[in-house]
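Residues per chain are reported as follows:
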Amino acid sequence: MARTTPRVEQNILVLPTSRNSPVPVGSQQWYSWLSDEENGSFYFVNETGSFTARKERRKRGGWYWIAYRSREGRLVKTYIGRSEDLTLERLHAVTSQLSVPNHDSQSASLPAHPIVAAKFAPPPLAMRTYRMVERTALLERLEASLRVRLTLIMAPAGFGKTTLLNMWYERCKRQQGQAVAWVTLDERDNDPSRYWSAIWNALHREQKREDIDLSMPLYSTPQMSIESVLAALLNSQPGGVLMLDDYHAITNPQIHEAMEMFLTHLPPDMHVVISSRSEPPLALGRARMYGELLELRIDDLRLSEGEIESFLRETMGITLSADERALLEQRTEGWVAGLYLVGLALRGQQRPDDVLQRLSGSQRSLFDYFAEEIFAHQPAEVQQFLLSTAMFPELTSQLCAAVTTEDEVGVQNMLAYIERANIFVVPLDEQRRCYRYHALFREFLQEKLKRSTPELIVELQRRAACYYEQQGMLEEAVEYALAANDIERSTRIIERVGEEILWRKGEVRRLFTWLQQLPSNAYEKNLHLLILYAWSLLLGGQQNQEDVEALLETIERRAEEQMASALRGDIAALHARLAAFRNDVPQSRVFARQALQELPKERALLRADVAFSIGGAPLELDESYRLLSEALHISQALGSLRTAMFSSRYLASTCLEQGRMTEAEAILQQALHLAGETEQVSVPATGVIHIGLAELYYERNELSEALRHATVGIELGECSGEIKVLLSGYCVLALIYAAKGEIERAWQDLWKSERVAMVGRVTWLREQRAAAAIHLALLQHDIGGAKRALLPIAIDPEVSLEHAPGPERAEERLMLAKIWLAEGKYDAVLELLEPAAQLAQQHGRIKTLLAIQAMKAIAVNRRGERQRAGHIVSEIACMGGLECYMRIFLDAGEPMLDLLQQVDVPGRARVWMRKLLDAFECSGGRKSDAGLSEREYEVLQLIASGMSNQEIAEALIIAVSTAKAHVKHICQKLGVQTRVQAVAKARDLELI
């Protein structure tokens, strides 16, 4: 899997963009690389351990390096020092310090449950040698398949699909740099949330990132669409090989549809392998046509005569004559499971032909016949154990003891005996804590159990439900309680975990599936269940809104009959969400306020969702502030990091709009402190905080800080699945690079934001992307391009004033006004902006008012009313200077500088004015001389010193291709063809 973080291995810094130019730790190049503001992190590993180092600014000033690593399921950190302190000895000392376990912890993390761990790795090959045949030709075909996107392995059970994949998995793991992720699928993965969380988990296990909590589900809320999840997953650029075993267990059409999208947009360095008993319902015709698919089917997987001989001799210890092998091949057709069964039956036989003559019928009938033979020769207690545990996909000694009512030691001995006897049981981990039966043998046992003792099935399911409930594994308990028709236990547990499943895990489909299995009379007196059912219908899109509204009316009627006043808050919350789905914002607000008044404090999950959802809606700023503060308070009390981070982000945005930038910064910094103080990892939520800080520092014109936070925020957003983080992150990154004079790079990042929106099929933040596109186009004096940027948000740039967006849509009016101002329509600009200015002032929207008044001042000045324009600028300078708003003025360009130079401001604002004028002077320096960025100016100086592209790359620790690109851009901006001409032109312009 491709890595993007620089790594220090064997005391050498290896850069992903320049692996041929390693940098020794402690060298001059090492300290130069550390001091470069563009380099903010690296990964260090030695024989003691590893950590991720990040560069951070402390309150006392200056940059410091902090080390992070995961320990006992939590993120811990320690101080390393300034760049000049990062000696090799210091890095080794920090690794040792972070590797020491925290014995003072009051609550040690429990070890991962073996079932969970086994899902992400195949059964160890070392424990399956008795069933292995070296499939050299097939392994070579799989190696060659890496040149295409998808491999499909399809054959009935028992043809060795998993074993073949297992062999290739081990081979891939041995190859240096080849990342491979594994997921064993089962029926429970038909919930999209569970399915995609498993894939996310598997891929990021291979990345081994220190800042990712793999115990957290990919879905943070049930409102996250599958398109959003896939867009974020694909934009994280996963690479390597992803193996999906037992795909036939997936029957959900939503997952198949999403898989088609996933496969269509795979990164170029990623390969997916699907193993299935049946043809997966995926549209693979195009992949076949263009040679992007390798297929291994039943004929490819059959054992040849030579492989049969090798299997019987080396694996089973049996030697047959050529005629006997030919008969065996004819009857089994190279079927591995059948050959294994025959091998077991042939052991100890003096006359093999007696057994071979009984080979007849279908493969399944062959299996059943020989399985019956093996089963019948087992002692009675072994037979009973096999039947009693047949229904469970994974077996642990504790579970088996609970369902068989035997002691755990006896169960462990039984499992060990079955493994030694080769009775189709596979250990799933090295410690032999977890096993599973071969799929065909498990099906055989289940069918035998149904025929012999069907009355035992329900009792076994009931015992399993009881065991899982006692173990606190409530989701598994629900599954078996429902299967046992234990309605009382099922309803009790669903009531207990329903809101957790719905609001924290986002597994809407799973909850819906549970509730559908309950009989109708379970809902008659249990309105809590009925409310959960209504939420699952609404959020899962299982019914149209009219049906949900009818169900809500039933709930209200029954609540009134039962005098269940405690449910008024739930009912109001459902009404609020239904109104929001209808885009009826006023009605949604009314019901949301009512829900918050009625819902008790202990219903914190639902209260947080209601408060956060309406707090982020377009409300009066004071009300938004109050609601978001409540959502933040509740989420902090719950320990819900994601909701706390998003609430903090929108709360800070509200303050920024109200002209309280200092408070906004404090809220965002406190949010990062909150995540660090509780030692919770920074995924998925803290990405949105970094983007908020990037926007804030951009407004202050602290571009280095803004760039750092934007980069970190996007990195976290790519890993987390938060598509809004990526959308807003790339937008602010585009503005930052534009401010640094790198317009081409700005357009690239803005296009990335558009790509995220297209892949995710979302319309969020369209206005923000359009505003950024207009800004970039006008910087290049491209009025036509600016007009085209309005089309995605359905605004006609030639619209008349009476048909323009309403004054409450200030952001859209500002975009239109910028274009009209560039066209010289000064009167129209003033008429367009005046109502919006009045509304912004009335509602205390200071930031919006500053932007409107700045544009009005330029239009007034262009009309020749310089004194009036100066008066407007003087007013907004006093407002903006109090909290250091800068980019609103800087982005207005030279016309604003002309006006600022003629005004005088009082008191504290004078310091800000001096800073603003200095910023104008700095931005007008080199950028006015051919538009070179800081990096391009640095490269230009090295060109002038006579360095080659290779030497420039080594000096700046960048790739040679990057150095060539910088040289090309310099020549373009200077209007020359060669490096010599570029140096001459630069000297003429006094750039060097």
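All figures in this text were calculated on a predicted structure; none of them were measured in a lab.

Attention now goes to the pairing of strand 10 (residues 240–245). The buried fraction of strand 10 is high, at six of six residues. Sheet analysis places strand 9 (residues 180–184) next to strand 10, joined by five bridges and oriented parallel. Across the sheet, residue Ala-181 finds its bridge partner in strand 10, namely Leu-242. Relative to strand 11 (residues 270–276), strand 10 is paired through five bridges, and the arrangement is parallel. Within strand 11, the residue paired with Met-243 across the bridge is Val-273.

What follows covers the packing of helix 16 (residues 380–388) against helix 18 (residues 408–420). At a closest axis distance of 11 Å, the pairing of helix 16 and helix 18 adopts a crossing angle of 95 degrees. Our classification of the angle between helix 16 and helix 18 gives roughly perpendicular. Contacts from Glu-381, Val-382, Phe-385 and Leu-386 of helix 16 reach helix 18 at Val-411, Met-414, Leu-415, Tyr-417 and Ile-418. Residue composition of the contact of helix 16 with helix 18, by class: eight nonpolar, no polar and one charged.

With that out of the way, let us pick up the packing of aromatic side chains. For the structure shown, the criterion picks out 15 aromatic pairs. Taken together, a centroid distance of 5.4 Å and an interplanar angle of 55 degrees make the contact between Phe-392 and Tyr-480 tilted. Residue Phe-392 is found in the loop between helix 16 and helix 17 (397–404), and its partner Tyr-480 is found in helix 21 (residues 474–483); the two are separated by 88 residues along the sequence. Comparing Phe-392 with Tyr-480 shows no difference in burial state: the two are buried. What links up through ring pairs into an aromatic cluster is the set Trp-30, Trp-33, Phe-42 and Trp-65.

Turning our eyes to something else, we now look at the pairing of strand 4 (residues 41–45). Of all five residues that make up strand 4, four are buried, and the element is covered over most of its length. In this sheet, strand 4 lies alongside strand 1 (residues 7–9) in parallel orientation, the contact comprising three bridges. From the neighbouring strand, Arg-7 faces strand 4, where its bridge partner is Tyr-43.

Here we come to the sheet that holds strand 10. Across the sheet, which stays open at both edges, the five strands sit in the order 9-10-11-8-12 with parallel pairing between neighbours. Bordering the open sheet on either side are strand 9 and strand 12 (293–296), each of which pairs with just one other strand. Taking the axes of each pair of neighbouring strands and ignoring which way they run, one obtains an average angle of 15 degrees across the sheet. Helix 4 (residues 136–144) contacts strand 8 (150–154) and strand 12 of the sheet and is inclined by roughly 165 degrees relative to strand 12. Its contacts with the sheet put helix 8 (residues 253–264) on strand 8, strand 10 and strand 11, and the angle it makes with strand 11 is roughly 145 degrees.

Attention now goes to the nonpolar core. In this structure, Leu-790, Leu-816, Phe-889, Met-896, Leu-900, Met-913 and Leu-916 are the most contacted members of the largest nonpolar core, which totals 106 residues. Sort the elements by how many residues they give to this core and helix 34 (residues 723–739) lands first, with 13 residues. Apart from residues lying up to four places away in sequence, Phe-889 is in contact with Ile-876, Ala-877, Met-896, Leu-900, Trp-912, Leu-916 and Phe-920. In this structure, Val-403, Tyr-467, Trp-535 and Ile-571 belong to the second largest nonpolar core, which totals 99 residues.

This next bit is on helix 1 (residues 28–35). An α-helix turns once every 3.6 residues. As a result, residues three or four positions apart point the same way. Every buried residue belonging to helix 1 is among Trp-30, Trp-33 and Leu-34, and all of these are buried. Projected down its long axis, helix 1 shows its buried positions confined to an angular sector of 100 degrees, all on one face. For helix 1, exposure combined with an orientation more than 90 degrees from the buried face picks out Gln-28 and Ser-35.

Moving on, we get to the packing of helix 20 (residues 455–470) against helix 21. Packed helix pairs are specified by the crossing angle of their axes together with the interaxial distance, meaning the distance between the axes. Two elements in contact, helix 20 and helix 21, have axes whose closest approach is 8 Å; the angle formed by their N-to-C orientations is 160 degrees. Considering the angle they form, helix 20 stands roughly antiparallel to helix 21. In this structure, helix 20 crosses over helix 21, and the sense of that crossing is left-handed. Of helix 21, the residues touching helix 20 (which contributes Gln-461, Ala-464, Ala-465, Tyr-468 and Glu-469) are Leu-474, Glu-476, Ala-477, Tyr-480, Ala-481 and Ala-483. Looking at the contact of helix 20 with helix 21 residue by residue, the class counts come to eight nonpolar, one polar and two charged.

The topology assignment puts Ser-32 in helix 1. Along the chain, Ser-32 and Ala-955 lie 923 residues apart, while their C-alpha atoms are 9.1 Å from each other.

Here we take up the side chain of His-709. Its place among the elements puts His-709 in helix 33 (residues 703–720). Residue classification places His-709 among the buried residues on the basis of a relative accessible area of 3%. The contacts of His-709, once residues within four sequence positions are left out, are His-690, Ile-691, Leu-693, Ala-694 and Tyr-697.

Turning next to the side chain of Asn-861. Topologically, Asn-861 is positioned in helix 40 (residues 846–862). By relative accessible area, which is 17% here, Asn-861 ends up buried. A polar side-chain atom of Asn-861 sits 3.3 Å from a polar atom in the side chain of Arg-866.

Another aspect to go through is helix 47 (residues 960–974). Helix length check: helix 47, at 15 residues, gives a terminal C-alpha distance of 21 Å against a target of 21 Å (1.5 Å per residue), a fit within 8%. Of all the residues in helix 47, the buried ones are Ala-963, His-966, Val-967, Ile-970, Cys-971 and Leu-974. Looking down the long axis of helix 47, one finds its buried residues gathered within 135 degrees of arc, a one-sided arrangement. Along helix 47, exposed side chains directed more than 90 degrees from the buried face belong to Ser-961 and Lys-968. Directly beyond the C-terminal end of helix 47, a positive phi value near 70 degrees is found at Gly-975.

A few words now on the environment of Arg-979. Tracing the sequence through the fold places Arg-979 in helix 48 (residues 979–988). Taking relative accessible area as the criterion, Arg-979 reaches 28% and is therefore assigned partly exposed. Sequence separation of Arg-979 and Lys-968 is 11 residues, and the distance between their C-alpha atoms is 8.9 Å. Beyond its immediate sequence surroundings of up to four residues, Arg-979 is in contact with Ile-943, Met-947, Ser-948, Asn-949, Ile-952, Val-967 and Cys-971. A polar contact is formed between the side chain of Arg-979 and the backbone oxygen of Met-947, at a distance of 2.3 Å.

With 81% of its residues at a pLDDT of at least 70, the protein chain reaches an overall mean of 79. The secondary-structure element of the protein chain with the lowest mean pLDDT is helix 3 (residues 114–118), recorded at 53, while helix 40 shows the highest, at 93. Contacts for the low-pLDDT stretch residues 219–223, under 50 throughout, to residues beyond four places or in other chains number 26 contacts.

Conventions adopted
Residues numbered from 1 in each chain as written. Predicted model: local features only at pLDDT ≥ 70, side-chain atom pairs only at ≥ 80, totals over all residues. Heavy atoms only, no water. Buried < 20%, exposed > 50% of the residue type's maximum accessible area, 1.4 Å probe, protein only. Helix = DSSP H or I, 4+ residues; strand = E, 2+ residues; numbered from the N terminus. Pairing = 2+ DSSP bridges. Axes fitted to C-alpha atoms, helices over the stretch in contact; angles between N-to-C directions. Parallel < 35°, antiparallel > 145°, perpendicular 65-115°, else oblique. Contact = heavy atoms within 4.5 Å. Nonpolar A, V, L, I, M, F, W, Y, C, P; charged D, E, K, R; others polar. Phe/Tyr/Trp six-rings, centres within 6.5 Å; stacked < 30°, edge-to-face > 60°. Core = buried A, V, L, I, M, F, W, Y, C linked by side-chain atoms within 4.5 Å. Arc of directions from axis to C-beta. Left-handed = near helix turned anticlockwise from the far one by under 90°. Polar contact = N/O pair within 3.5 Å; in protein donor to acceptor, adjacent residues only side chain to side chain. Expected span 1.5 Å × (residues − 1). pLDDT = per-residue confidence, 0-100.

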